[in-house]
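The lines below spell out each chain.
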Amino acid sequence: MNEWLGMPPLAAAHGGQIDNLIGWIHVFMLILFVGWGAFFVYVLARFRKSRNPVADYTGVTGNASKYSEIAVAVIEAVLLIGFAIPLWAARIGDIPPENEALVVQVTGEQFAWNIHYAGPDGKFGRTDIKLLDLQSNPLGLDRSDPAGVDDITTLNQLYLPANKPIIVKLRSKDVIHSFGVPEFRVKQDAIPGLTIPIWFVPTVTTAEMRKRLGNDAFQYEIACAQLCGLGHARMRGFVTVQSAEEFQTWFDTTSKEQSAPDPFR
Ligand code: CUA
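Residues numbered from 1 in each chain as written. Predicted model: local features only at pLDDT ≥ 70, side-chain atom pairs only at ≥ 80, totals over all residues. Heavy atoms only, no water.

(A) Summary view of the pattern of salt bridges. All chains considered together, the criterion is met by six salt bridges. Between Glu109 and Lys173 there is a salt bridge, with its nearest N and O atoms 2.8 Å apart. Of this pair, Glu109 sits in strand β1 (residues 102–109) while Lys173 sits in the loop between β5 (166–172) and β6 (177–181); the two residues are 64 residues apart in sequence, bridging distant segments of the chain. Note that Arg126 is salt-bridged to Asp142, the shortest N-O span being 2.8 Å. Pair noted here: Arg126 is in the loop between β2 (112–117) and β3 (152–155) and Asp142 is in the loop between β2 and β3, with a separation of 16 residues, a long-range link. Each of Arg126, Asp128 and Asp142 takes part in a single network of salt bridges with overlapping partners. (Salt bridge = Lys/Arg side-chain N within 4 Å of Asp/Glu carboxyl O. Helix = DSSP H or I, 4+ residues; strand = E, 2+ residues; numbered from the N terminus.)

(B) Quick look at the side chain of Asn114. The residue Asn114 is located in strand β2 in this model. Looking at Asn114, the relative accessible area reads 1%, which means it is buried. At a separation of 2.7 Å, a polar atom in the side chain of Asn114 contacts the side chain of Glu109. Setting aside residues no more than four positions away along its own chain, Asn114 makes contact with Gln105, Val106, Thr107, Glu109, Pro138, Leu139, Thr154, Leu155 and Lys173. (Buried < 20%, exposed > 50% of the residue type's maximum accessible area, 1.4 Å probe, protein only. Polar contact = N/O pair within 3.5 Å; in protein donor to acceptor, adjacent residues only side chain to side chain. Contact = heavy atoms within 4.5 Å.)

(C) Expanded view of the sheet that holds strand β9 (residues 220–224). Ordered by their spatial adjacency, five strands build an open sheet running β4-β10-β9-β6-β7, and the pairing between neighbours is mixed. Of all strands in the sheet, those with a lone pairing partner are β4 (157–161) and β7 (186–190), marking the two edges. Between one strand axis and the next, the sheet turns by 25 degrees as a mean value, whatever way the strands run. Here β9 runs beside strand β10 (residues 236–242); their pairing, made up of four bridges, is antiparallel. Residue pairing across strands places Tyr220 opposite Val239, the latter belonging to β10. Of the strands in this sheet, β4 and β10 are in contact with helix α4 (residues 244–259), which crosses β4 at around 135 degrees. (Pairing = 2+ DSSP bridges. Axes fitted to C-alpha atoms, helices over the stretch in contact; angles between N-to-C directions.)

(D) The arrangement of the domain arrangement of the protein chain in detail. Taken domain by domain, the protein chain comprises domain 1 (15–93) and domain 2 (98–259). For domain 1 and domain 2, the distance between their C-alpha centres works out to 42 Å. (Domains from an automatic or database assignment.)

(E) Region of interest: the packing of helix α1 (residues 15–46) against helix α2 (residues 64–93). Between α1 and α2, whose axes approach to 10 Å, the crossing angle comes to 170 degrees. Classified by the angle between their axes, α1 and α2 sit roughly antiparallel to one another. Across the interface between the two elements, Gln17, Ile18, Leu21, Trp24, Ile25, Phe28, Leu32 and Trp36 from α1 touch Glu69, Val72, Ile75, Leu79, Phe83, Ala84 and Leu87 from α2. Partitioned by chemical class, the residues of the contact of α1 with α2 number 13 nonpolar, one polar and one charged. (Parallel < 35°, antiparallel > 145°, perpendicular 65-115°, else oblique. Nonpolar A, V, L, I, M, F, W, Y, C, P; charged D, E, K, R; others polar.)

(F) Representation of a nonpolar patch on the surface within the structure. Taken together, the side chains of Trp24, Tyr67, Ile70, Val74, Val78 and Phe83 make up a nonpolar region of the molecular surface, amounting to roughly 580 Å² of accessible area. Locating Val74 in the fold gives a position in helix α2. (Patch = residues over 30% accessible without salt bridge, like charges linked within 9 Å, V, L, I, M, F, W, Y side chains within 5 Å. Areas by Shrake-Rupley, 256 points an atom, 1.4 Å probe, with all protein chains shown as cover.)

(G) Quick peek at unusual backbone geometry. Following Gln110, the chain continues to Phe111 via a peptide bond in cis, the omega torsion being 0 degrees. Within the secondary structure, Phe111 sits in the loop between β1 and β2. Even without being a glycine, Asn156 presents a positive backbone phi close to 65 degrees. Relative to the helices and strands, Asn156 is located in the loop between β3 and β4. On the basis of relative accessibility, which here comes to 16%, the residue Asn156 falls in the buried class. Even without a glycine there, the phi angle at Arg185 is positive, about 55 degrees.

(H) Representation of the sheet that holds β5 within the structure. Ordered by their spatial adjacency, five strands build an open sheet running β3-β2-β1-β5-β8, and the pairing between neighbours is mixed. Sheet topology places β3 and β8 (196–200) at the edges, where each strand pairs with a single neighbour. Taking the axes of each pair of neighbouring strands and ignoring which way they run, one obtains an average angle of 25 degrees across the sheet. Sheet topology places β5 next to β8; five bridges connect them, and they run antiparallel. Its bridge partner lying in β8, Ile167 is registered against Trp199. Running at roughly 100 degrees to β3, α4 makes contact with β1, β2 and β3 of the sheet.

(I) How the structure looks around the pairing of β6. Judged by how many residues are buried, β6 sits mostly within the fold: five of five residues are covered. Pairing analysis gives five bridges linking β6 to β7, with the strands arranged antiparallel. What sits directly across from His177, in β7, is Ala190. The pairing of β6 with β9 spans two bridges and is classified as antiparallel. If you follow Gly180 over to β9, its bridge partner there is Ala223.

Pasting the structure below:
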């Protein structure tokens, strides 16, 4: 049904449930649309002027409309209580423990995504607004903090291993942005002053997805999904999903590169 609805390809473990919910909503909306449409045409014919020259002050006497209203309300309750709320509760409540996941801080700003990994030590370095420099240090990371020496920061490039829970801690430096990756069925506002965790398990590497789609240029994109200013449309990041080994290689090399003293400074 997903292809039929024109959904983007699916690449996260929980996404099937979300697609199911979207599918069921479409089925019921189609039934409602056809039902109400048919009723409207019936009413136009049944209550036409030539058949009803004088207004009838009694109105409807049968129970059909009452029963169909009740049926609609029951279906809506089932969608909400049976599907939507449990799915939402699982997404919000069952965040995996941090030691079994990869934790990444993602900070939105006008108009880019700042990505921050803790590095091999698993500890995020101190950040300080005094060290913040929009060009060289957009997160204000303190490299003199022992926990910060091996940290990795990138601009608009999020690297992730496949088949491991990812916890993204979402923040914003200025206005409300929204972190959306359609293939992961993930979307969450980034709100200044709050750190909001979201989690997902990517299941398809970028290379596999390119093969599947027959498109060598395919990239997972972080689309900012909240109008945040004039540059909103160009606020896009890229996600590269790799195998666990490939990711580890990238992670170790980049951490070394970034912790090495810069010879040009
Ligand atoms: Cu950031 Cu739109």
